[in-house]
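Below are the chains, spelled out letter by letter.
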Amino acid sequence: MKKRLLAVACLMLSMPVWAQEVKIDIKAFMFGPKDLNVAVGTKVTWVNDDQIPHTVAETHKVFRSGALDTNDSFSWVFNTPGEFEYFCALHPQMIGKIVVSQ
Amino acid sequence: MDIQSRHPIRTDGPLNPDRRTLLKCSAWAGAGVIWALSGGIPRAFALDAAGNVSDPKALASTFHFVQISDSHIGFNKEANPEPVKTLQVAIDKVIALPKPPALILHTGDITHLSKPEEFDTAAQLLKGLPSTVHYVPGEHDTLDEGGGTLYLERYGKGTKGNGWYSFDDHGVHFIALVNVFNFQAGREATLGADQLAWLADDLRAVTSSTPIVVFTHIPLWTVYQPWGWGTEDGDQAIAMLRKYGSVTVLNGHIHQVIQKVEGNITFHTARGTAYPQPAPGAAPTPGPMTVAADQLRNYLGITDVRATQGDHPLALIDSTLV
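A quick note: this is a predicted structure, and the numbers were derived from the prediction, not measured. Within each chain, residue numbers correspond to sequence positions counted from 1 in written order. Lettering of chains starts at A and numbering of ligands starts at 1, both following the order in which they are written. Thresholds applied to this predicted model are a pLDDT of at least 70 for local features of residues and 80 or more for the giving and counting of side-chain atom pairs; totals over whole chains, interfaces and linings are not thresholded and use all residues.

Enquirer: Please set out the overall build of chain A residue by residue, giving values where relevant.
Expert: Looking only at helices and strands, chain A features 1 helix and 8 strands. Its helices and strands taken in sequence order, chain A reads α-β-β-β-β-β-β-β-β from the N to the C terminus. Counting every position in chain A, which comprises 102 residues, the buried fraction comes to 28%. Once local pairs closer than 6 in sequence are excluded, the contacts in chain A between residues at least 24 apart make up 46%. The helix count covers DSSP runs of H or I at least four residues long, the strand count covers runs of E at least two residues long, and both are numbered beginning at the N terminus. In this scheme the burial state of a residue depends on its C-beta neighbours within 10 Å: 20 or more other such atoms mean buried, 12 or fewer mean exposed, and anything in between means partly exposed; the C-beta positions come from the backbone. What counts as a contact is two residues whose backbone-derived C-beta atoms lie within 7 Å of each other.

Here it is, written out as structure tokens:
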């Protein structure tokens, strides 16, 4: 048990200090939060809470998930600054934006 | 006093609220209604409790075809854990028709997540239908990694672009349009310039007296913009169809019957065979509507379309899976 804890601690230490993880819920045909500001290196994870599949598709095809059924997730690490607008390719009225800054 | 003279009972007109009329009205609520189109003017005929039409004008059809939609094989949530079963009920209903349909249209969302096994299951079931099935894809059929490759490999042979095509049957010109590719953020569905150019070219050889049936997944007209229930450039296709005497536009996607008539064009969306969706704006989201299990089949169904050669009326008969 102690060994396992140590291993986890070592893993955590080995992660860069600036690495962050943020979750976006897909619920009631909306991305929540719809607009999000993150630092470079942030890993964003979308989780679908709806009873219907959704997708996460960047408008310039920078990233594109497959179909996310209920409880499925998709992650993307934002390594470059900028504005990334995305939508659900199944329900294009669902839109969101990630602003990545240094 | 002669009551009869003060309140003459009419037996010749529509204002006579006799028992027969009342029965017809109550049948509307229970069993459904048939729309017969003559010169673009729709006329409603009631169905009796058994789903039959008593008026011979509506029955005098020389051929008929069936529309099935939104099977969503692979869906397994509360609104219908067993869409395979309800699709089978729909198929059995088609098999049970007194006369086999000349053809069958499936207006998309055959599968829920475009998985190969979902396509396989659907194909296995739909093989049981008594006539040739003509397909268009729904957006749920384009979710594979290739963005529609699996659908097109299976159903796209001999079609143009992303699966559009036309054919003639019993003097009716059928046009299959595809509006589930190239979605743009915040926008409605699109047909695209290539498909519109093809449509204009396809219609060149069709005389204005030929009845036309257009079938596509997402409604060509905007049913409800906030939910994306419409096709942005659908009006360009509709404009090309205005000169024709009888045009019927059949859609799926919204899992409920909604009808609109514009000149000689009748727009009609069919029920699905998997799960119901709320009426436009009636719920916060268009997500699956869960109804009592013993009520579900009242919300699912098929559409039978009857055509009479000569004066070209098309009659649309929606029936539920009950």
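Picking up where we left off.
Enquirer: Which residues make up the environment of D72 of chain A, and what values do they have?
Expert: Residues and elements named next belong to chain A. Position of D72 among the secondary structure elements: in the loop between strand 5 (57–58) and strand 6 (73–78). Given 16 C-beta atoms within a 10 Å radius, D72 is considered partly exposed. For D72 and L90, which are 18 residues apart along the polypeptide, the C-alpha to C-alpha distance reads 15 Å.

Enquirer: Describe the pairing of strand 8 (residues 212–215) of chain B, listing the residues and the values that go with them.
Expert: All names here are of chain B. Taking every second residue as pointing to the same face, both faces of strand 8 are buried, with I212 and V214 on one and V213 and F215 on the other. Handedness is read with the strands pointing away from the viewer; a crossover is right-handed when the path from the first strand over the helix to the second is clockwise. Each parallel crossover has a hand, and the one from strand 7 (residues 172–176) via helix 7 (residues 193–203) to strand 8 is right-handed. At least two DSSP bridges between two strands are required for those strands to pair. Here strand 8 runs beside strand 9 (residues 247–251); their pairing, made up of 4 bridges, is parallel. Along strand 9, the bridge assignment pairs F215 with L250. Note that the unit made of strand 8, helix 8 (residues 234–241) and strand 9 has a crossover that is right-handed.

Enquirer: Before we move on, could you go through the sheet that holds strand 3 (residues 35–39) of chain A and cite the residues and values that matter?
Expert: Residue and element names in this part refer to chain A. One open sheet accounts for 4 strands, arranged 3-8-7-5; its pairing is mixed. Both edges of this open sheet fall to strand 3 and strand 5, since each of them pairs with a single strand only. Where strand 7 (residues 82–87) meets strand 8 (residues 95–101), 6 bridges bridge the pair, whose relative direction is antiparallel. Note on strand 8: the bridge partner recorded for E85 is K97.

Enquirer: How would you explain the sheet that holds strand 8 of chain B if you had to name every residue and give the values?
Expert: Residues and elements named next belong to chain B. Strands sit in the order 6-7-8-9-11-10 across an open sheet of 6 strands; the sheet is mixed. The sheet is open, and its two edges are formed by strand 6 (165–169) and strand 10 (258–262), each paired on a single side. Here the strands of the sheet are splayed against their neighbours by 15° on average, with no regard to which way each runs. The pairing of strand 7 with strand 8 spans 4 bridges and is parallel. Counted as the bridge partner of A176 is F215 from strand 8. For helices, the fitted axis covers only the stretch in contact; all axes are lines through C-alpha atoms, and the angles between them, taken along N-to-C directions, range from 0 to 180 degrees.

Enquirer: Give me the nonpolar core: which residues, what numbers.
Expert: Residues A176, L177 and V214 of chain B are the most contacted members of the largest nonpolar core, which totals 81 residues. Not counting chain neighbours up to four residues away, the residues in contact with A176 of chain B comprise H134, V136, W164, Y165, S166 and F215 of chain B. As used throughout, a nonpolar core is a set of buried Ala, Val, Leu, Ile, Met, Phe, Trp, Tyr and Cys residues joined through C-beta atoms within 7 Å of each other.

Enquirer: Describe helix 8 of chain B, with residues and values.
Expert: Every buried residue belonging to helix 8 of chain B is among G234, A237 and L241 of chain B, and all of these are buried. For helix 8 of chain B, the buried positions fall inside an angular range of 65° around the axis, keeping them on one side. This arc is taken over the directions from the axis of the helix to the C-beta atoms.

Enquirer: Describe the environment of T248 of chain B, with residues and values.
Expert: All names here are of chain B. Tracing the backbone through its elements, the reader meets T248 in strand 9. What makes T248 buried here is the crowd of 24 C-beta atoms within 10 Å. Once the C-alpha coordinates of T248 and L97 are considered, the two residues, 151 residues apart in sequence, prove to be 22 Å apart. The residues contacting T248, other than those within four sequence positions of it, are V213, T266, H268 and L314.

Enquirer: Quick one: what's the story with the packing of helix 7 of chain B against helix 8 of chain B, residue by residue and with numbers?
Expert: All names here are of chain B. Packing of helix 7 against helix 8 leaves a shortest axis separation of 10 Å and a crossing angle of 10°. Between helix 7 and helix 8, the angle falls in the class roughly parallel. Between helix 7 and helix 8, the residues in contact are L196, L199, A200 and L203 and Q236, A237 and M240, respectively. Tallied by class, residues from the contact of helix 7 with helix 8 come to 6 nonpolar, 1 polar and no charged. Working rule for angles: under 35 degrees goes down as roughly parallel, over 145 as roughly antiparallel, 65 to 115 as roughly perpendicular, anything else as oblique. Gly is placed with the polar residues, together with every amino acid not listed as nonpolar (Ala, Val, Leu, Ile, Met, Phe, Trp, Tyr, Cys and Pro) or charged (Asp, Glu, Lys and Arg).

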